[in-house]
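# Breakdown of the fold
So the chains spell out like this:
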Amino acid sequence: MVKKPLLIKFLISYLSILILPIAAILAYYYPYSTAIVKDKASAWNMHVTEQLMNSMDIFTKYAYNLPAEIMQNRAIKPYMAPENEYQKVIIASEMRKYNITDAFIENSLLYLNNIDYFFSKTGSAYTIDDFSKKGVGYVYEQWSTEQMYQDLNNATEPIIRPVETVYVPGGHKVNLLSFVLPMPIGGSNSPGSMLILVKESTILNMMESSSDTYNGIFMITDDNQRCLVSSIGCNDIINSEFNQLLSYTDEQFDNHQFITLNEEQYIISRTTSEINQWNYIRLLPISDTIQDIRSIQFNTLILLGVIISITALIIYFSLRYNYHPIKRLVELSTKLFADESRTPKNEIETIHYALDQLSTTKEKLGEQLEQTRPKIRDNILFQLVLGNFENWDAFESEAHLYNINFSNECITVVILSAESDHNSVMILKHCKAKFKLLEDGIIPYVFKSQYNHEIIIIISHKPMDSLQSYISLLQQELLEVLELNSLIGISLSHHKDNIKVFHYGYLQASRSIEQIRFQRTNTIVTYNDAQQPSTGVVSYQTELMQTLELAILKNDADRIASLIQHIQTYMGGTGMPAHVIRTIYLNTMSILFNTLERFNKDNDTSLHNIEFIFQNRYSLDQMLSIMTDTTNKLCEIIKLTLPTSRKASSENILAFVDSYWHDSNLSLQFMADHFEMSVSNFSYHFKKTVGHNFKEYIDQLRIQHSIQYLKSSNEPIEIIALKVGYMNSSSFIRSFKKITGSTPGQYRENMK
């Protein structure tokens, strides 16, 4: 009769322990779960919208910069095109060099108003009349040729035409977004304009790829609230309730997180590009979002009911066969603490005996704890400098047990780093003994860092106390007594009004240590000495990285090597902070490594290179060496993989040189244009094919012919210089003396 009530009591107790927390969780979870899901969906909706804006900004920024880039191309001379047919060929050839954005831009056309010609990035050329002929040019249904002519000739600011149907060359229809950009943007006396065409399908694919579960409505509008592109079509936006979004003000967008349209509630998000002031708007149906959470709520209730039922059965049968708690406790006490006297004891006596043994064990643990107090104290101090305490109360609740007290107003953190393998325990003891001799009022705490070679010293002192002399004496004694070369970094003196000053001091001392390792200017450096004004540093670094990426994009190996040398010179500048050097190194190596990875598909080698380049800590010389080796490898790969024109064989090159060697216009640019190659690529190809530098070869050839003229005629030096291709006699005399060792006049006299 006694067992049954005890069993029921245990069953009720265990079930209460299980059910009460679950009930409390459900009471909180269900009322707020829907609101939480809406907030998360709204945040994700804004993230997807900003992601699309960032992707579009990257591509449209290139489109806006393209007119200026073409204007800076010295080979394109718009004002010579009406009189020089060869210039038209050059312009068409140069436009093909900008054919690198097929992922976004369908076509970009350079329009010159003095000849009414369009030059495509594919190398094709069109007249303005071709844009009225279907199948030949680009024919717009809603943009007449006359209006297009006026817009292209009179544009002073960018003109964006919303997505519209266009007949492209070949005759089929394509929906295109059109940019009309004057050259240059905002300038006057423009020689022409850029017409940049983007497929609607390209932008829609970007919209869909911005979210794995795309089920919303996207639209892009300009600063005049015109619909440029929409996932359901701008006509459907204008002819439905969605058109009210086009007239929304910024305040209305900011005040509305949800909106009801067509009897459907949507989550709405909008963001505006700083580049072109376009508005990116996304509508996400709330019904799809809430449907999932409601299904989860229902399934959760069923699952909890099953769990509680099964758990109740398990608890019942467990208690049914294990309801003797005192007996189990006695058996456990007997196993843990064997009775040395072997005297028979009842259950209560056995429990008393076990409690006595526990008390004895507690005293032994207390003694062991006293021995570990210094280690615990050092760990608390180390957590303090790492910034792991949120406030003074949290720190003092642990610190007062170990007599840690910062009674003075100011805090200074010092880091001592050993430069050789010494016994860290011996160094720590020597530092503690030295700082015990400090004058009254200064409170030092000396302990080991997580690195074996580092000692951290926290000094609590008054504002007027000077610590530099003590630290210098400590370094000198370490050298004399332990023969230890050490580096010491000292933070600024901080007022202890905020517990985070310990962490700031630790970071400042660490930065000072890094400065010593990189610059080797001194073995004791304070944070003031390690600082450097940051004005212009970030922008200059960004400019260097952007220039390097552009050179890589153009596969210009010579330019890449030159830029890396410039970056290395900048990294080695006097007074450059260690963290800035490491940042430049990591950014540069990331760019070089990503380019190498594009050429090399070996994943195992890539993973090994990542660990080698980024996970180790190197000195400045090692960083410069790694950058040089990586750059040489990249330039070699670029030169080997660059496509070479099939016409540029050694026979064709020498035949062309033989025809034009006496022409003063013969240059590396002239040759590169003829063989449809860039200047740097043709220079590399010429040396590899012919075996000589281009200029040296031409000079040798011209000087050889000039020698024949000097021997066989009495013509003046100026006439001979013009005959062999030099623009003036001074250039001819300089090249002649460099090759033969004498001037043309001296050579003629010697021959006589």
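To start, this report covers the structure provided alongside it. (Residues numbered from 1 in each chain as written. Predicted model: local features only at pLDDT ≥ 70, side-chain atom pairs only at ≥ 80, totals over all residues. Heavy atoms only, no water.)

## Points about the nonpolar core
- Among the nonpolar cores identified, the biggest contains 39 residues, and L110 and W278 are the most heavily contacted of them.
- Of all the secondary structure elements, the ones that give two or more residues to this core are α1 (3–71), α2 (85–96), β1 (105–112), β6 (173–182), β7 (192–199), α4 (200–209), β8 (217–221) and β9 (227–230).
- In terms of residue count, the dominant contributor to this core is α1 (nine residues).
- The contacts of L110, once residues within four sequence positions are left out, are I70, I76, I91, M95, Y117, F118, F119, M183, S193 and M194. (Core = buried A, V, L, I, M, F, W, Y, C linked by side-chain atoms within 4.5 Å. Buried < 20%, exposed > 50% of the residue type's maximum accessible area, 1.4 Å probe, protein only. Helix = DSSP H or I, 4+ residues; strand = E, 2+ residues; numbered from the N terminus. Contact = heavy atoms within 4.5 Å.)

## A word on the pattern of salt bridges
- Counted under the stated rule, the structure contains nine salt bridges.
- Ionic pairing is found between K199 and E106, a salt bridge with its closest N-O pair at 3.7 Å. Taken together, the residues K199 in strand β7 and E106 in strand β1 connect sequence positions 93 residues apart.
- Residue classification places K199 among the partly exposed residues on the basis of a relative accessible area of 28%.
- With a closest N to O distance of 3.7 Å, E141 and K173 form a salt bridge. Here the residue E141 occupies a position in the loop between β4 (139–140) and α3 (145–154), and K173 occupies one in strand β6, the gap between them amounting to 32 residues.
- By relative accessible area, K173 is classed as exposed at 52%. (Salt bridge = Lys/Arg side-chain N within 4 Å of Asp/Glu carboxyl O.)

## Overview of the sheet that holds β6
- Sheet architecture is open: seven strands sit in the order β3-β2-β1-β7-β6-β5-β4, paired in antiparallel fashion. The sheet is open, and its two borders are formed by β3 (125–127) and β4, each paired with just one other strand.
- Bridge count between β1 and strand β2 (residues 117–120): four bridges; the pairing is antiparallel. Note on β2: the bridge partner recorded for L112 is Y117. (Pairing = 2+ DSSP bridges.)

## Points about the sheet that holds β9
- Spatial strand order, β9-β8-β12-β11-β10: five strands in an open sheet with antiparallel pairing. Two strands in the sheet have a free side with no partner beyond their single neighbour: β9 and β10 (258–261). Across this sheet, the average inter-strand angle for adjacent strands is 30°, counted without regard to direction.
- One ladder, built from four bridges, connects β10 with strand β11 (residues 264–272); its direction is antiparallel. Of the residues in β11, the one forming a bridge with L261 is E264.
- Lying on the sheet, α4 is in contact with β8 and β9; it crosses β9 at an angle near 65°. (Axes fitted to C-alpha atoms, helices over the stretch in contact; angles between N-to-C directions.)

## Remarks on the packing of helix α17 (residues 578–599) against helix α19 (residues 620–641)
- At a minimum axis distance of 10 Å, the contact between α17 and α19 shows a crossing angle of 25°. One way to sum up the angle between α17 and α19 is to call them roughly parallel. The hand of the α17/α19 crossing is left-handed. Between α17, through I581, R582, Y585, T588, M589, L592, T595, L596 and F599, and α19, the contact on the second element is made entirely by L620, M623, I626, M627, T630, T631, K633, L634, I637, I638 and T641.
- Here the residues of the contact of α17 with α19 sort into 13 nonpolar, five polar and two charged. (Parallel < 35°, antiparallel > 145°, perpendicular 65-115°, else oblique. Left-handed = near helix turned anticlockwise from the far one by under 90°. Nonpolar A, V, L, I, M, F, W, Y, C, P; charged D, E, K, R; others polar.)

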